[in-house]
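Analysis of the macromolecular model
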Amino acid sequence: MSRQSALQFNSISIPNFAACARPSAEGTKRQGTTSVVPKKSQQNTRASAPAGNFPSSRSRVRNINWSLRVFLLIVTVAFLIAWAAIGHAATPDAEALLKRSDSYRNGWPAYVLRVKITNFESGKSDEESLYEVSQKGTDKTYVEFLSPRDKGRHLLMLGDDMWIYLPDTSRPVRITPLERLSGDASNGDVARTNYAVDYTPTYIRNEKVGKEDCYVLNLTAKRKGATYQRILYWVRVEDARPVRAEFYLTSGKHIKSATFDEFANSNGRLLLRRLTLYDEIRHNSHSVLEYSNMTPRNLPDKLFYQGRSDRF
C-alpha cells in the first residue's frame, strides 16, 4: 500500500472508530440511565407507599391512646366517687348514735329510779349505798340519799351547777360532778346521764369488744358541768347499746373505766340494769351500780327549786 493510501485509510478508520465508540458509550450511558432510573423510581415508589400510610397509622395510634386515656380517666373518677360514697356511708352519725345510746339510761323525759351502789376493795364487798333519783329533762336532777347513815342528805343538779344539802348545815354546799359520791362513783355518774347534752361525739373506728361489734366514739366535754373532760365510748353497731367507756381528766389522765353489764325491760323500755366502774388509779377497787324501779312520772318544777331548803 502506498503512503497516500495509508494516510487515507487512517483518516477514515480513526474517525469511524470514534464514531462507533461514541454511540456505544452513549448507549451505555443511556442503558445505565435506563437501568438506574427504574431502580430509583422503584425505590421512590416503595418509599412513597409507606410514607403515604404512615400518618394514617400514627393517627390511629394517637386515637387509640387518647381513647385509652379517656377510658382510664372515667374509670378513675368513677372509682373515686364510689370510694367516697362507700366511705361516707360507712362513717356512722356519731350524734345520732350517742342520743340513741342515752335512751338506754334515760327512758322518759321525766322519771324516777333507784340506784344501789356496792363498793368492792380487793374483790370483797366493802359498803352499800342506796339513792332515789328524780330526773326531769336533761338539766334537772334531784337525788335523795336513802341509806340510814346518809339520812337527811340530798343532791340537786340544775344545768351546770350542783349542790349537796347536809342535815347539819342550813345552806347547800356547792359541789362538782367529779367529786366522789360513793366508792368509785362520782356525783355525775348518778346525776348526769345525758352524754349527748354534755359531750360532742366523733366517730373514731370500729372495734370488737368480746363478741360485740362496736363503734368507738370520742366524747369531748362541751359544758363546764360535764363530769369528765373526755370519754372513749364503745356502743354496739347493732343498736347503739353502750358496752364500755373510759373516762379522762383535763390533763389526759385515764382515771376510770366502765362496763355496761346488764339491761332489762322496764315499762316497755330496754334500760340499763347494771353498770360497773373500775378505778384506774387504785386497780383493786371497783363499784357496781344497780338500777331498779325506773318509772315515768310527772315531776313538779318545785322539786328542783334550789332555794327551798326547808323541804329537807
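Everything here concerns the structure above.
These lines cover the structure that appears in this document, whether it is placed above or below.

Rules of the game
- Residues numbered from 1 in each chain as written.
- Predicted model: local features only at pLDDT ≥ 70, side-chain atom pairs only at ≥ 80, totals over all residues.
- Heavy atoms only, no water.
- Helix = DSSP H or I, 4+ residues; strand = E, 2+ residues; numbered from the N terminus.
- Buried < 20%, exposed > 50% of the residue type's maximum accessible area, 1.4 Å probe, protein only.
- Areas by Shrake-Rupley, 256 points an atom, 1.4 Å probe, with all protein chains shown as cover.
- Phe/Tyr/Trp six-rings, centres within 6.5 Å; stacked < 30°, edge-to-face > 60°.
- Lys NZ or Arg CZ within 6 Å of the ring centre and 35° of its normal.
- Contact = heavy atoms within 4.5 Å.
- Polar contact = N/O pair within 3.5 Å; in protein donor to acceptor, adjacent residues only side chain to side chain.
- Pairing = 2+ DSSP bridges.
- Core = buried A, V, L, I, M, F, W, Y, C linked by side-chain atoms within 4.5 Å.
- Patch = residues over 30% accessible without salt bridge, like charges linked within 9 Å, V, L, I, M, F, W, Y side chains within 5 Å.
- Salt bridge = Lys/Arg side-chain N within 4 Å of Asp/Glu carboxyl O.

**Things to note about the overall build of the protein chain**
- Of regular secondary structure, the protein chain possesses four helices and 15 strands.
- Looking at the protein chain as a whole, 34% of its 312 residues are labelled buried.
- Accessible area of the protein chain: about 18,800 Å², with a carbon and sulfur share of 55%.

**A few points about unusual backbone geometry**
- Positive phi outside glycine occurs at Ala240, with the angle close to 65 degrees.
- By the secondary structure assignment, Ala240 is in the loop between strand E11 (230–236) and strand E12 (242–248).
- The backbone phi angle of Asn293 is positive, close to 55 degrees, even though this residue is not glycine.
- Secondary-structure assignment places Asn293 in strand E15 (residues 285–296).

**So, the packing of aromatic side chains**
- Within the structure shown, the criterion is met by seven aromatic pairs.
- Geometrically, the ring pair formed by Tyr195 and Tyr199 is edge-to-face, given 5.6 Å between the ring centres and 85 degrees between the ring planes. Across this residue pair, the class does not change: Tyr195 and Tyr199 are buried.
- Clustering of aromatic rings is evident, with ring pairs tying together Tyr195, Tyr199, Tyr233 and Phe260.
- Between the NZ or CZ atom of Arg230 and the centre of the ring of Tyr248, over which it lies, the distance is 4.3 Å.
- We note Arg244 situated over the ring of Trp234; from NZ or CZ to the ring centre the distance is 4.4 Å.

**Quick look at the side chain of Ser285**
- Note that Ser285 resides in strand E15.
- Under the relative-accessibility criterion, Ser285 is labelled buried at 4%.
- Those residues in contact with Ser285 that sit more than four places away from it in its chain are Phe120, Glu121, Asp184, Tyr278 and Asp279.

**Quick word on the environment of Tyr233**
- Structurally, Tyr233 is set in strand E11.
- By relative accessible area, Tyr233 is classed as buried at 0%.
- The sequence separation of Tyr233 and Glu246 amounts to 13 residues, and the corresponding C-alpha distance is 6.7 Å.
- In contact with Tyr233, not counting residues within four places along its chain, are Leu98, Ser101, Tyr195, Tyr215, Val216, Leu217, Leu219, Pro242, Arg244, Ala245 and Phe260.
- Within the structure, Tyr233 has its side chain in polar contact with the side chain of Ser101 (distance 2.8 Å).

**Section: the pairing of E15**
- Across 10 bridges, strand E1 (residues 110–121) lies against E15 in antiparallel orientation. When the bridges of E15 are listed, Tyr111 appears paired with Pro296.
- Here strand E14 (residues 269–279) runs beside E15; their pairing, made up of five bridges, is antiparallel. Paired with Tyr278 across the strands is His286, a residue of E15.
- Here E14 hands over to E15 after five residues, the two strands then running antiparallel side by side.

**Points about the pairing of strand E2 (residues 124–136)**
- One ladder, built from 12 bridges, connects E1 with E2; its direction is antiparallel. Looking at the pairing, Leu113 lines up with Val133 of E2.
- Connecting the antiparallel pair E1 and E2 is a turn made up of two residues, with Ser122 showing a positive phi of about 55 degrees.
- Relative to strand E3 (residues 140–145), E2 is paired through six bridges, and the arrangement is antiparallel. In the strand pairing of E3, Lys136 is matched with Lys140.
- Between E2 and E3, which follow one another and run antiparallel, lie three residues, and Gly137 among them has a positive phi close to 65 degrees.

**Points about the nonpolar core**
- Core analysis: the largest hydrophobic core is formed by 46 residues, its most contacted members being Ile117, Tyr195, Leu219, Ile231, Tyr233, Phe247 and Leu289.
- In this structure, Ala110, Val112, Tyr142 and Phe304 belong to the second largest nonpolar core, which totals eight residues.

**What to know about the environment of Glu212**
- Turning to its location among the elements, Glu212 is positioned in strand E10 (residues 212–221).
- Judged by its relative accessible area of 28%, Glu212 falls in the partly exposed class.
- Along the sequence, Glu212 and Arg236 sit 24 residues apart, while their C-alpha atoms lie 6.6 Å from each other.

**With respect to a nonpolar patch on the surface**
- Together, Leu68, Phe71, Leu72 and Val75 line one region of the surface with nonpolar side chains, adding up to about 380 Å² of accessible area.
- Tracing the backbone through its elements, the reader meets Val75 in helix H1 (residues 3–90).

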